[in-house]
Amino acid sequence: MMKLLFTILYSLVFLSTLLAQDQKDNISVQNPIRAITFDLLSPIYYSYGPSNLTRWRIGYRHQLNRRLVIGADLGYGDEKFALRDEGIDYRLYELVPEMQYLLQLRSKTQVYFALQPFYLIHTETLYSRSVYAQEIGSVHFEEAAYQRMKYGLTLNYGFIFPISSRIGINIFIGGGVKRRENNYKSFVNPSLDVFAFSDECHEPKYYENDIPFTEFQFSFGIKAYFLVKRRNSL
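Enquirer: Any details on a nonpolar patch on the surface? Residues and values, ideally.
Expert: Taken together, the side chains of Tyr101, Leu103, Phe113, Leu155, Tyr157, Phe161, Ile171, Ile173, Phe216, Phe218 and Phe220 make up a nonpolar region of the molecular surface, amounting to roughly 1000 Å² of accessible area. Looking at the nonpolar patch, the elements that each hand over two or more residues are β6 (137-162), β7 (167-188) and β9 (213-227). If you trace the backbone, Tyr157 turns up in strand β6.

Given below as structure tokens:
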């Protein structure tokens, strides 16, 4: 179901860009965007979970016409390459397609709205913990494989400020909806722990239960833009 939802969202974004390319928009653009992007915040994320969820995220943006820009970011996290401490066997894979609609055409600063679906897989090994598994109940284990999937959609408002003819800074903010699904497997020495979450004030934390969860997703980011191609017209 999750993969189907993500495929549909991405297909809608791609289809809408094709339908929007009419003759009226295919006219001269002084500085069309052809850029590699680098996320400046993702390597230094801080989380209250078992891991900080840091990742290295790069992307590409391609301007189709006067108004529309499409692209995607790819993120990868690994305990070996992390700038912050991460969990054991930490891995994170992320895909974030994007479609931007430019609002100002004659300004050096690009202003836009963006539709941004996202999909993330995070895995690591947990040790000596108690979690709530729906099919088992509260269980304590010495070791278990943990997997978290997160996917959703945000609407963002952003700016691209030029620093030079080849470099810019992109700042954006927005919000949307996300779905989180945790999964635990390969338990080592599991045992029922009826007292782990019995206290009403001690409910399972975000990563301590496998109940699917949907909530608001806040979006904020700062990226560096590196222009790789410039033309006089589209």
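Moving on from the coordinates now.
Enquirer: Pulling in residues and values, what's your account of a negative patch on the surface?
Expert: Negative charge collects at one region of the surface, where Glu79, Asp89, Glu142 and Glu143 lie side by side. Within the secondary structure, Asp89 is located in strand β4 (residues 88-102).

Enquirer: Give me the lowdown on the side chain of Asn156, citing residues and values where you can.
Expert: Inspection of the secondary structure assignment puts Asn156 in strand β6. Residue classification places Asn156 among the buried positions, given a relative accessible area of 1%. Within the structure, Asn156 has its side chain in polar contact with the side chain of Gln116 (distance 3.3 Å). Residue contacts for Asn156: discarding those within four places in its chain leaves Tyr112, Phe113, Ala114, Gln116, Phe172, Ile173, Gly174, Gly175 and Ser219.

Enquirer: Can you break down the pattern of salt bridges residue by residue, with the values?
Expert: For the structure shown, the criterion picks out nine salt bridges. The partner of Arg57 in a salt bridge is Asp39, with the nearest N and O atoms 2.7 Å apart. With Arg57 in strand β2 (residues 56-63) and Asp39 in strand β1 (residues 34-39), the pair connects residues that are 18 residues apart, well separated along the chain. Take Asp39: its relative accessible area is 2%, and that puts it in the buried class. The shortest N-O distance in the salt bridge between Asp73 and Lys223 comes to 2.4 Å. Within this pair, whereas Asp73 is found in strand β3 (residues 68-78), its partner Lys223 is found in strand β9, the two being separated by 150 residues in sequence. Classification of Lys223 by relative accessible area gives buried; the value is 2%. Among the charged side chains, a salt-bridge network with shared partners connects Asp39, Arg55, Arg57 and Glu94.

Enquirer: Residues and numbers for the pairing of β7, please.
Expert: Bridge count between β6 and β7: 19 bridges; the pairing is antiparallel. Across the sheet, residue Leu155 finds its bridge partner in β7, namely Gly175. With antiparallel pairing between neighbouring strands as the criterion, β6 and β7 make up a hairpin whose turn holds four residues. Taken together, the 14 bridges between β7 and β9 define a ladder with antiparallel strand orientation. Bridge pairing in β9 places Arg180 opposite Phe213.

What counts, and where the lines are drawn
The residue numbers shown here count from 1 along each chain, following its written sequence. The predicted origin of the model limits local features to residues at a pLDDT of at least 70 and limits the giving and counting of side-chain atom pairs to 80 or more, whereas totals for whole chains, interfaces and linings rest on all residues. The basis for the side-chain values is all heavy atoms of the structure; hydrogens and waters are excluded. Exposure above 30% relative accessible area and the lack of any salt bridge qualify a residue for a patch; like charges then connect within 9 Å, and the nonpolar side chains Val, Leu, Ile, Met, Phe, Trp and Tyr within 5 Å. In short, Shrake-Rupley with a 1.4 Å probe defines the accessible areas, and a residue's cover is counted only from the protein chains shown. The term salt bridge refers to a side-chain nitrogen of Lys or Arg lying within 4 Å of a carboxyl oxygen of Asp or Glu. Labels follow the DSSP assignment, with helices taken as runs of H or I lasting at least four residues and strands as runs of E lasting at least two, numbered in each case from the N terminus. Positive: Lys, Arg. Negative: Asp, Glu. His and the chain ends are not part of the count. Where a charge lies is defined by one atom per residue type, namely NZ (Lys), CZ (Arg), CG (Asp) and CD (Glu). Using a 1.4 Å probe on the protein chains alone, a residue whose accessible area is under 20% of its type maximum counts as buried, one over 50% counts as exposed, and one in between counts as partly exposed. Pairs of N or O atoms are called polar contacts if they sit within 3.5 Å, as long as, within protein, a hydrogen donor faces a hydrogen acceptor (for residues adjacent in sequence, only side-chain-to-side-chain pairs). Residues count as neighbours in contact if any of their non-hydrogen atoms are within 4.5 Å of one another. Between any two strands, pairing holds if DSSP finds at least two bridges.

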